[in-house]
Structure formats: structure tokens, C-alpha cells
Amino acid sequence: MSLVAVVGDGSTTTALGMAAAWPIGEPCMVAEFDPAGGCLAAWLGMPRSPGLADVAAASAPGSWATIVSMVQRAESGLDVLVAPTRAVEAAAVVLAATASVLPVFSMLDSTVVIADGGRQRGALSALVTQASIVVVAHRQHSGSAAAAALGLERVAELTAQLSVRSIPTIVALIGSRPYAADEVAAFVRADTVVDVADDPWAAAVLAGRSGSAVRLRRSPLMRSFGELAGSLSASLRHTRTYDSMLDIRS
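Here the structure is a predicted model, which is why all the values come from computation and not from measurement. (Residues numbered from 1 in each chain as written. Predicted model: local features only at pLDDT ≥ 70, side-chain atom pairs only at ≥ 80, totals over all residues. Heavy atoms only, no water.)

Visitor: Give a detailed account of the nonpolar core, specifying residues and quantitative values.
Guide: Note that soluble globular proteins tend to have their nonpolar side chains buried in a common cluster. In this structure, Leu3, Phe33, Leu81, Phe105, Val134, Val136 and Leu162 are the most contacted members of the largest nonpolar core, which totals 39 residues. Considering each element in turn, this core owes the most residues, seven residues, to helix α5 (residues 87-106). Listed in part, the 37 residues of the second largest apolar core include Ala19, Cys28, Ile174 and Ala202. (Core = buried A, V, L, I, M, F, W, Y, C linked by side-chain atoms within 4.5 Å. Buried < 20%, exposed > 50% of the residue type's maximum accessible area, 1.4 Å probe, protein only. Helix = DSSP H or I, 4+ residues; strand = E, 2+ residues; numbered from the N terminus.)

Right, dumping it as C-alpha cells:
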């Protein structure tokens, strides 16, 4: 299984940044599965079609060949499956694609799919329950300890639901104030809590602002995403190896 679900505050930036930092030689793509609407077509200067809506409307939406035919390649070299930008259309498309597309993603071995699931409120989405690993992106409210604590309570509520279902979970903590990663780890139920640099310039460049590609690669944010992507890649390889051993034994 090679489906990584990214949810929470800053999920789109986190998904895009991890894909951009994914180890060279390991096929990886970004899929927008946010029912509130996609951003990547605008961010990356790409057409809004083809994308997830075209997959959902295809005669064989559950075919990997169909999905690949609707994937676009950005100028940066990233493979992206874009969702509709408008919330009403996006919600309908994500619902239609859930039964046919997600099972294909979750069974892939050759390509890692990093899926942006949006903020994730209430009951766990189908994307989250079918993922190999869930990354919960959370930006701290650095100006108010009370607001930061409230935000972390909501993260803890989500990670508790994931823990009950035994879904491996990583919290990507954006910003180191007012609470450090080790303090957050003691509070939320997650396998790992990692620091992600609060780097507004690099985040803006990922979102479409012009800027130096060299400076972006060297930015604190991309270094954070590089470490996170490397850790996720290693975890997925370990999971696939373990699953293969079980298949051989059975």
C-alpha cells in the first residue's frame, strides 16, 4: 500500500512540499481529494482539466490506466491529479471517485500517491481510513497559548480516532511556538510528531508566487519536507516488505 493521506491546516502546502521533496527515483504523484475544492491547478499554472472529475466521469474510473491518462505534469516535474476548484462540484466529484479511485490508490506498489484531503472535520473520511499513513498538518497559533492549546485539542481528537483504527499517523507541526514537538507528542496520540519550519516565503512560492527555485530548494521549509518525505518513504518500503513476507508465508 502506498497511499499517504494529508489532512489538516496547510494540507495542500504539506502534500505539495512532500511530493517535491520525495526521494529521486521513487515515482510519486499528488492527488487532490479535498471536498472543499482544489488549489493546485491555480497554484501550478495548470489547466483545470483533465483531472479527478474526468476520472470520475470515465467509463472505467477504477482503472489505473484511466487515472494515469488524467494526470498532468507541472513545470516543476510533479505529476498532479487536480480536483475541481468549486466546493459544490469538488464535493460531488470526491464522493463519486471514492468508491472507484481510492481502492486503486491504496493497492499501488509502484507509485506513491500523496492525497490532499483538506481540513478533515467530524467523522473520518474514506481517504483517511484507506491510507497507509496519515499526515496531520497543524499550524500552531504562535501568538496565543490558549488558542494553540485549543487547536491541539482538535488535533488530539483526530489522532485518537486514527489510533483506535490502528492507522499510522504523523503530526506535521508547523511552527515551534508556543509548544515544542516533544510537548505536543506527549499530548496527542500519534506515532510521530515532526517539526515543520514556519517559512512564509517558501510556502508562498509553493502556492504560486514567483521566486528563486534554488532558494526554494535550500529553504527551511523544503528541508523540513525533505526529512518528512524521507521518513515516510522508508516507512512505506518497510510496510511493503512486511506485507510481501506475509504473502509468501500464506
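Read on for the rest.
Visitor: Kindly report on the side chain of serine 219, identifying the contributing residues and their values.
Guide: Looking at the element boundaries, serine 219 is found in the loop between α10 (213-217) and α11 (220-249). On the basis of relative accessible area, serine 219 is assigned to the buried category, the value being 4%. Dropping the residues within four chain positions of it, serine 219 is found in contact with Asp199 and Ala202. (Contact = heavy atoms within 4.5 Å.)

Visitor: So what's going on with the side chain of threonine 12? Residues and values would help.
Guide: Along the chain, the position of threonine 12 falls in helix α1 (residues 11-20). When residues no more than four places from it in sequence are discounted, the contact partners of threonine 12 are Cys39, Leu40, Trp43 and Asp116.

Visitor: Before we move on, could you go through the pairing of strand β6 (residues 133-139) and cite the residues and values that matter?
Guide: For β6, the buried fraction is high: six of the seven residues fall into the buried class. Where strand β1 (residues 3-8) and β6 come together, five bridges link them in parallel fashion. In the strand pairing of β6, valine 7 is matched with valine 136. Crossover β6 to strand β7 (residues 169-174) through helix α7 (residues 145-164) is right-handed. (Pairing = 2+ DSSP bridges. Right-handed = clockwise from strand over helix to strand, strands pointing away.)

Visitor: Describe the layout of surface pockets, with residues and values.
Guide: When its volume is computed, the largest pocket comes out at roughly 880 Å³. Around the largest pocket sit 35 residues that line it, and Ala20, Ala74, Ser76, Gly77 and Leu78 are the ones nearest its centre. Contributions of two or more residues to the lining of the largest pocket are made by α1, β2 (28-32), α4 (64-69), α9 (200-206) and α10. When grouped by side-chain class, the residues that make up the lining of the largest pocket number 22 nonpolar, seven polar and six charged. Lining the second largest pocket we find 18 residues, and of these Gln120, Arg121, Gly151, Arg154 and Val155 sit closest to its centre. Broken down by secondary-structure element, the contributors of at least two residues to the lining of the second largest pocket are β6 and α7. At eight residues, α7 tops the list of elements feeding residues into the lining of the second largest pocket. (1 Å grid on protein atoms, 1.4 Å probe; cavity = no way out; pocket = protein on both sides within 12 Å on 5 of 7 lines; lining within 4 Å. Points joined across faces, edges and corners; volume = space filled by probe spheres on them. Nonpolar A, V, L, I, M, F, W, Y, C, P; charged D, E, K, R; others polar.)

Visitor: Tell me what's going on with the environment of valine 155, and back it up with residues and numbers.
Guide: By secondary structure assignment, the location of valine 155 is in helix α7. Through-space distance from the C-alpha of valine 155 to that of valine 188 is 7.0 Å; in sequence the pair is 33 residues apart. Residues in contact with valine 155, not counting those within four places in the same chain, are Val136, His138, Val171 and Val188.

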